[in-house]
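Each chain, written out:
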Amino acid sequence: MSSLPSKAKCVVIGAGIVGNSVAYHLARLGWRDIVQIDKGPLPNPGGSTGHASNFIFLVDHNKEMAQLTLDSLAQYKELDTVFESGGIEVARTPERMQELTRRITSGKSWGIEDMSLLTPDEVKEMVPFIDETVILGGFYTKGVGVCDSLRAGTLMREKAIEMGALQSFANVEVEDLTVTDGRIKAVVTDQGTIEAEYVVIATGCWSRQIAAMAGAEIPLTPAVHQMKDIGPVAMFADAKGDLEYPIVRDMDTNMYERQHGTGLEIGSYAHRPILYDAEDIPSNAEAALSPTEFPFTPEDFADQDEHALELMPEIVGDENAQEKYAINGLLSLTPDGMPILGETPEVKGLWSAAAVWVKEGPGVGRAMAEWMVLGQPEIDLHASDIARFYPGQTTTKHIKDRTSEGFNKTYGIVHPAEQWASNREVRLSPYYEREKALGAVFYETVQWERPFYYESNSGLLEKYGDAVMPRTSEWESRWWSPIINAEHLQMRETAGLVDLTAFALFDITGPGALATVQRVCMRQMDVAVGKVVYTPVLAPNGGFRSDLTVMRLGDDHFRVVTGGAHGMSDLKWFKDNAAEGATFTNLTDDISTIGLWGPNARAILSAVTDADVSHEGFSFGTCREITIAGKTVLASRISYVGDLGWEIYVPMADGGPVWDAIWAAGQAHGLIPVGIGVYGTTGRLEKGYRAYGPELEGDFTVVEAGMSPKKIKEADFIGKESHLRHREAAPAATMCLLTVDDHTSSTGEKRYMLGGEPILTKDGQPITDSHGRRSYVTSAGSAPSVGKHVLMTYLPPEYSSPGTHLVVEYLGDQYPVTVEGSGAIFDPANERIMS
Amino acid sequence: MNIAVCIKRIPLSPGKWSLTADETAIDTSGSAMGWTLSPHEECAVEAAVQLAEGDGSVIAFSLGTADSAEQIREVMAVGVDRGVLLETDGMDWDGQATAAALAAAITADETNFDAVIVGTESADTSGYQVGVRIAHALGWPIVTNVKGLSVEGGVARCERVVGSEREVYEVTLPAVIAVKDGVNIPRYPSVPGRIKARKKPLDTVTPESRPARMEKVKLALPPQETSSAKVLGSGAEAAPQIVEVLKEIGVLT
């Protein structure tokens, strides 16, 4: 075998499904001089791929994961390495039955076909060895299959080698990663050093340790997933195929069962979280089985034995069906359950393709290669972007706490607004104690505790009565309160004070500052000092990369304010595309933000400052320093809730006195504390304001979002060429607001959609635009000022005219909706903001 | 038939052993380290379970730390009815002391045993001591290195392999029988077996310790084989070389 080269364009570390797939797709996109190394032997180097169950269920509530999975399935098919067995998720509880209807709606939203709900008898017909009396029903997906991930990986590797693009080396161990001036330089192995422009870490469970060699963070932990194979199963004695029955997921017990030749494989996510450090994983030489197959611990499987016996007594209860193979297999878990993909923020040229399971492996490989070669992946990966993490989210404590909490939710019924319980109260705004005293109910955003609503406002419920649109069903009342809508209505009457400290803020200064913001932002940034510009940030293909506001604080001084969840990714994007001579200062932990909005906002602000805050003296879209309580703060007249007011940026240390002054002055003007429930949902929805993530993402263009400026600036910016092209053609779909006409379910209860549901034609057919994208609810929530429940969705032109009647499917029922249009349904003329 | 079977918790053989810093024990601190029984003892358990099938019972005795309960549950999952753990504090017990404690526990047990079945030797220390010493303590005959076993009319027929020959011993029960790997094919646990095992009685007793007459000074690792793979070629081109290798190792002539 030839020896390790001393130089390569790209080194891919890892030869599991991910490493092989990344290498293959890099080769397909034209890269050559790729070197792949793995410390284990080939074709099974001993990572998680080698012991994976290999089945692929298609439906996921998360769009990004569903898209990666669908693409992976297509790739496994193309390589002839997948067998379509069908899969059934069974329910033992009414809550799970409801969840299964929700899974169908998510499946419809992402374009998955051939799904149906089954009665217990219908499940029994497909899986004769199930005891149908312990279940209430099932959710069948025809396209579920089992792949051969080792074979697929091998084929991909071989194809890349055939193309002359790849050299692959087994039994080569990485000892160090060399970084120079923040850029990856070389991979040091036990068999020599390889200089490389790009290095991809595709080492699964080991990724955190490998990244640490370069000073980068990949926050994941190896964790145990237990499984065992029992057999021989008498009923499968004549099995001709590896898999002749659909795979069964026993969701309520966090388990799955599948035929495997003459055996039955039983797997579990039900046991206590068993986490390890990569240091605990033995070497290939030390391991009894493969390094990631730890000895089975039967005491952790006690309940699972009983549950399997309940569901499949005929097979599992047979004394002759014996444990042929049982392991505590290692897989990777992350604090938020999403993969960790993209270039590390710490080291240029060092890429992570980690925390990826077999079902999404090839899709991730393709997306990573597109991202590396073309600058962006076709599937928007914002939720998997490695740049999303703040330093506090990469600590061992955070990883262990969150993965321990998340593990047993693998098959869980997870509410879209569900909050984490562990490792809370990490980032506290200067207003936290005051908010607590007001009965704030805190939700978390990137470790910040944010008031979602305030119990102190509960008295408003009586005042507004049915206008708060009360909900009776438990599901929609969970993680929600009618107080949110009451706060909304009161803010529209008087004024509200909102803690927005979770915002990410960073300054761009120096001679390259203007060139940088001009290049990154779509809108004109060469504006007068003191102007505030809300702008889309585009990817090269003209899709959304972000949306944010930029304040010009000086000729060479711009301040970017963006959402907390995506702030660090935005910072990386600006840095990656910075012009010469631009300096970045991250102010996120130094500056807090207060929002003051409502008809009385001006009266309150003028009571605490000598500055001219009149409409003429402090016009919309401008910012300036003012003094409140003797403290200098930066006030910016903008609004994301549709009312007159300001965002006020206050140094953390000065927060208390500023809040107290505004609060005291507000008492005479009906000021109330207002939570994120209003800011993030009700306030913006009735104004038709789109949010990054749900509405604005890489899949959709500025034209489709209905946000094209009348004029495009002269200066070049990322995505300009694509955007100009998009303007030429009619959009394939347009962002629309819909209102729900009747909330009554088939059981007579009023139900309120939460987002993610498919929009259907009046006769219940899915709506697909000319790009093949389904219409689904991007955001949903109350519009209390108009007394309606609002849904946002992209609709093809034939359905987007105001007044069009359509249907939304929610938890198994269909509800009539009406298209309102693309813009605001409350104060469309913006009279309130401009007052 | 009522049978006592003696088992010992030992480290699951990893690919590569290492010793503790003071070289008195195998390093089992790694999280991936599992525990198991010696192959001979797995066969002893299987033999006992087969012989007791029907109206008999099998009781497993194990001397070791509280963790040894894990191995007792494992054998319960494949048919052992009851367990007795002779719990120690983890100090080293030599073969004499172990055998004396086990014999005492077997004698003290309410069951009248027709046989004690053990593995010829343990896979970790290979002392070949305990079975013989139990037999001596009980005053029973013993047959060691048994590769074939059947019982009829209170007489055990034991086969041993000696070179290319077989020796057959008939021994009247009660007796101690020390079996070797290969005497049977041990079964693996079934799910019902696992479930039943969790409910089976497991008694813990404190064995009477006596001064060790043999002291473990230190362990040394034998030279460890490093395995190496040689790629002979790929596809049809590799065939002639494979033929050469097969000739070399005597498969082809």
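As the structure is a prediction and not an experimental result, all values here were calculated from the model. (Residues numbered from 1 in each chain as written. Chains lettered and ligands numbered in written order. Predicted model: local features only at pLDDT ≥ 70, side-chain atom pairs only at ≥ 80, totals over all residues.)

## Points about the overall build of chain B
- When you go through chain B residue by residue, the secondary structure sums to 6 helices and 11 strands.
- In terms of overall dimensions, chain B has a C-alpha envelope of 70 × 50 × 40 Å along the principal axes.
- Each of the 253 residues in chain B was classed as buried or not, and the buried ones make up 35%.
- Considering only contacts within chain B whose residues lie at least 6 apart along the sequence, 73% involve residues at least 24 apart. (Helix = DSSP H or I, 4+ residues; strand = E, 2+ residues; numbered from the N terminus. Buried ≥ 20, exposed ≤ 12 C-beta atoms within 10 Å, placed from the backbone. Contact = placed C-beta atoms within 7 Å.)

## So, the interface of chain A and chain B
- Listed by partner, the interface residues are 27 residues for chain A and 20 residues for chain B.
- Of all the secondary-structure elements, those providing two or more residues to the side of chain A that touches chain B are strand 17 (293-295), helix 7 (302-311) and strand 18 (322-333) of chain A.
- It is helix 7 of chain A that provides the largest number of residues to the side of chain A that touches chain B, a total of 5 residues.
- Of the residues contributing to the side of chain A that touches chain B, the split by class is 16 nonpolar, 3 polar and 8 charged. (Nonpolar A, V, L, I, M, F, W, Y, C, P; charged D, E, K, R; others polar.)

## With respect to the sheet that holds strand 25 (residues 532-538) of chain A
Residue and element names in this part refer to chain A.
- Ordered in space as 25-26-27-24-28, the 5 strands form an open sheet in which the pairing is antiparallel. Of all the strands in the sheet, the pair left with one neighbour each is strand 25 and strand 28 (583-586). Averaged over neighbouring strand pairs, the angle between their axes works out to 30° when direction is ignored.
- Across 5 bridges, the pairing between strand 26 (residues 544-554) and strand 27 (residues 557-562) is antiparallel. Directly across from V550, in strand 27, lies its bridge partner V560.
- Contacting strand 24 (504-509), strand 25, strand 26, strand 27 and strand 28, helix 16 (residues 567-576) crosses the sheet at an angle of about 15° to strand 24. (Pairing = 2+ DSSP bridges. Axes fitted to C-alpha atoms, helices over the stretch in contact; angles between N-to-C directions.)

## Things to note about the nonpolar core
- Of all hydrophobic cores here, the largest spans 253 residues; its most connected members are I34, V199 and A353 of chain A.
- In terms of residues, this core owes the most to one element, helix 1 (residues 17-28) of chain A, which gives 7 residues.
- Setting aside its immediate chain neighbours within four residues, A353 of chain A contacts V18, V22, V200, I201, A202, L341, V364 and M368 of chain A.
- I3, M76, A115 and I134 of chain B belong to the second largest nonpolar core, which has 59 residues in total. (Core = buried A, V, L, I, M, F, W, Y, C linked by C-beta atoms within 7 Å.)

## Here's the deal with the packing of helix 1 of chain A against helix 9 (residues 361-374) of chain A
Residues and elements named next belong to chain A.
- Here helix 1 crosses helix 9 at 45°, and the two axes come no closer than 8 Å. With respect to helix 9, the element helix 1 is oriented oblique. Crossing of helix 1 over helix 9 shows right-handed handedness. Of helix 9, the residues touching helix 1 (which contributes I17, V18, S21, V22, Y24, H25 and L26) are G361, P362, V364, G365, R366, M368, A369, M372 and V373.
- Looking at the contact of helix 1 with helix 9 residue by residue, the class counts come to 11 nonpolar, 4 polar and 1 charged. (Parallel < 35°, antiparallel > 145°, perpendicular 65-115°, else oblique. Left-handed = near helix turned anticlockwise from the far one by under 90°.)

## Topic: helix 7 of chain A
- Among all positions of helix 7 of chain A, only Q304, D305, H307, A308 and L311 of chain A are buried. Around the axis of helix 7 of chain A, the buried residues are gathered within 165° of arc, so they sit on the same side.
- If you follow the buried residues of helix 7 of chain A, they end up packed against strand 14 (247-250), strand 15 (255-260), strand 16 (263-268) and helix 8 (313-316) of chain A together with helix 5 (191-197) of chain B. (Arc of directions from axis to C-beta.)

## Details of the packing of helix 1 of chain A against helix 5 (residues 149-162) of chain A
All names here are of chain A.
- As a packed pair, helix 1 and helix 5 sit with axes 8 Å apart at the nearest point and diverge in direction by 30°. The orientation of helix 1 relative to helix 5 falls into the category roughly parallel. As helix 1 packs across helix 5, the resulting crossing turns out to be left-handed. Between helix 1 and helix 5, the contacting residues are I17, N20, S21, A23, Y24 and A27 on the first element and S149, A152, G153, M156, R157, K159 and A160 on the second.
- When the residues that make up the contact of helix 1 with helix 5 are grouped by side-chain class, the tally is 7 nonpolar, 4 polar and 2 charged.

## Quick notes on the sheet that holds strand 4 (residues 82-84) of chain A
Residue and element names in this part refer to chain A.
- Strand order across the open sheet formed by 3 strands is 3-8-4, with antiparallel pairing between neighbours. Each edge of the open sheet is held by one strand with a lone partner, namely strand 3 (55-56) and strand 4.
- As defined by bridge partners, strand 4 adjoins strand 8 (residues 145-147) across 3 bridges and the pair is classed as antiparallel. Bridge pairing in strand 8 places F83 opposite V146.

## Considerations on unusual backbone geometry
Residues and elements named next belong to chain A.
- With omega at 10°, the peptide bond leading from L42 into P43 counts as cis.
- Along the chain, P43 falls in the loop between strand 2 (34-37) and strand 3.
- Residue G231 is joined to P232 through a cis peptide bond whose omega torsion reads -5°.
- Mapped onto the secondary structure, P232 falls in the loop between strand 13 (221-231) and strand 14.
- Phi angles above zero are rare outside glycine, and D827 is one such case at about 45°.
- Along the chain, D827 falls in the segment after strand 39 (813-821).

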